[in-house]
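Chain and residue survey
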Amino acid sequence: MEHTYKEFLNNHVTMKIVRIFYMSCMLMFIALHSYAQHNTDETPSNKRVYYTNACELLFQYVPTASPTEEYVFGVKTNYFFNLVYNMHIDFAKSFGIIPGVSLRNVGIKTFDETIQNIEYKKIKRRSYLLGISAAIKVGNMQKYSFLYVGGAYEYSFHYKQKNFTSSKKTIQKEWHSNATELFLPSVFIGYQFPKYMNIQLRYYLTNFLNPLYDGKYGNFTIFPDSRILQFSISFQANQFEQSKKMRERIAAPHTVDI
């Protein structure tokens, strides 16, 4: 009875943390959007606020080897449903900050792995992550070209696994699964090019897979280190400059002399 009560208490606390995290992300998203919409012009202090949104192409790899040679990590590419929404606050011509929210499809891929005595040619594991981030940027804000460094904190809420043999593919998925770690912190560095292209290198500070998990998705004790190294490419247009150009294209109303 005592063990059951402790489990209930732990689950209750976990769900409270999850709800707070969800609400924080949503409130931050609403605040960023509202604030950006009302602060797209230059201010007397030369500070300007604008926002960017983008879809990312992710290349993900775990830079460690299996200690028992039970599998081989491969590069996993995710291009669907990686949404990033950032707010930019430029304090000067060469310095600013970037708070943001994201919904990203993060995962890993292995080859030659065995689960419950079945040998799989390839296995893809992924989870949707809801996250918040913050970064500082240094560069030429007038030309929209800068280097940025920051960190993020993401919540894993939907797990999916695809198992491939030479003859068939099986799919398993689960909401709020304990197959992955619940929260995944990360650090990143990136560069924004003047003509929209953005590149970023991110490293997760904790394991993607739960190393204590042993269930229908496999025995994850064979993954002592599943920290992901991730490279991403996206196109992030400067919404401040876009709105400015749009206003310039609107011709002034013609007047007729009488």
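Residues numbered from 1 in each chain as written. Predicted model: local features only at pLDDT ≥ 70, side-chain atom pairs only at ≥ 80, totals over all residues. Heavy atoms only, no water.

Time to look at the side chain of His-88. Position of His-88 relative to the elements: it lies in strand 5 (residues 83-90). Within the structure, the side chain of His-88 is placed 3.3 Å from the side chain of Thr-52, a separation counted as a polar contact. A distance of 2.8 Å separates polar atoms of two side chains, one belonging to His-88 and the other to Lys-137. For His-88, the contacting residues outside a window of four places in its chain are Arg-48, Val-49, Tyr-50, Thr-52, Ile-97, Ile-98, Lys-137, Tyr-144 and Phe-146. (Helix = DSSP H or I, 4+ residues; strand = E, 2+ residues; numbered from the N terminus. Polar contact = N/O pair within 3.5 Å; in protein donor to acceptor, adjacent residues only side chain to side chain. Contact = heavy atoms within 4.5 Å.)

If you walk through the whole model with that rule in mind, you get six salt bridges. Of the charged contacts, one joins Arg-104 and Glu-154 as a salt bridge, the two residues approaching to 3.1 Å between their closest N and O atoms. Highlighted residues: Arg-104 in strand 6 (residues 95-115) and Glu-154 in strand 8 (residues 145-164), separated in sequence by 50 residues. Salt bridges sharing common partners tie together Arg-48, Asp-90 and Lys-137. (Salt bridge = Lys/Arg side-chain N within 4 Å of Asp/Glu carboxyl O.)

This brings us to unusual backbone geometry. Glycine aside, the phi torsion of most residues is negative, and most peptide linkages are trans. Of note, the phi angle at Phe-81 is positive, near 65 degrees, even though the residue is not glycine. Positive phi values are uncommon outside glycine, yet Asp-112 reaches one of about 55 degrees. Taking relative accessible area as the criterion, Asp-112 reaches 53% and is therefore assigned exposed. (Buried < 20%, exposed > 50% of the residue type's maximum accessible area, 1.4 Å probe, protein only.)

Before going further, it helps to spend a moment on the pairing of strand 9 (residues 169-175). Relative to strand 9, strand 8 is paired through seven bridges, and the arrangement is antiparallel. The residue of strand 9 that forms the bridge with Tyr-159 is Glu-174. (Pairing = 2+ DSSP bridges.)

Right, let's get into the nonpolar core. Membership of the largest hydrophobic core comes to 18 residues, with the highest contact counts inside it found for Ile-108, Phe-208, Phe-220, Phe-223 and Ile-228. Setting aside anything within four residues of it in sequence, one finds Ile-228 in contact with Gln-60, Tyr-61, Val-62, Val-106, Gly-107, Ile-108, Arg-202, Tyr-203, Tyr-204 and Phe-208. Grouped together as the second largest cluster of nonpolar side chains are nine residues, Ala-135, Tyr-148, Ala-152 and Phe-188 included. (Core = buried A, V, L, I, M, F, W, Y, C linked by side-chain atoms within 4.5 Å.)

With that settled, the discussion passes to a nonpolar patch on the surface. Taken together, the side chains of Phe-91, Phe-95, Ile-136, Val-138, Leu-147, Val-149, Ile-189, Leu-201, Leu-229 and Phe-231 define a hydrophobic patch exposed on the protein surface, amounting to about 810 Å² of accessible area. Of all the elements in the fold, those that place two or more residues in the nonpolar patch are strand 7 (118-140), strand 8 and strand 14 (229-235). The residue Leu-147 is located in strand 8 in this model. (Patch = residues over 30% accessible without salt bridge, like charges linked within 9 Å, V, L, I, M, F, W, Y side chains within 5 Å. Areas by Shrake-Rupley, 256 points an atom, 1.4 Å probe, with all protein chains shown as cover.)

Counting buried positions along strand 1 (residues 48-55) gives six out of eight residues, so the element sits mostly inside the fold. Judged from the eight bridges that link them, strand 1 and strand 5 form a sheet pairing that is antiparallel. Pairing of Cys-55 across the sheet is with Leu-83, part of strand 5.

What follows covers the confidence of the model for the chain. On average, residues of the chain score 83 in pLDDT, and 74% of them are at 70 or above. Between residues 1-9, whose pLDDT stays under 50, and residues either more than four places distant or in other chains, the model counts zero contacts. Throughout residues 39-46 the model reports pLDDT below 50, and contacts reaching past four residues in sequence, or to other chains, amount to 14 contacts. (pLDDT = per-residue confidence, 0-100.)

With that settled, consider the environment of Tyr-148. Counting through the fold element by element, Tyr-148 comes out in strand 8. Judged by relative accessible area, which is 5%, Tyr-148 ranks as buried. Engagement of the side chain of Tyr-148 in a polar contact is seen with the side chain of Asn-198, the distance being 2.7 Å.

Applying the stated criterion across every chain, the model contains 21 aromatic pairs. Aromatic side chains Tyr-51 and Tyr-85 sit 5.5 Å apart centroid to centroid with 10 degrees between the ring planes, which places their arrangement in the stacked category. Separated by 34 residues along the polypeptide, Tyr-51 in strand 1 and Tyr-85 in strand 5 bring together distant segments of the chain. Both residues of the pair, Tyr-51 and Tyr-85, count as buried. (Phe/Tyr/Trp six-rings, centres within 6.5 Å; stacked < 30°, edge-to-face > 60°.)

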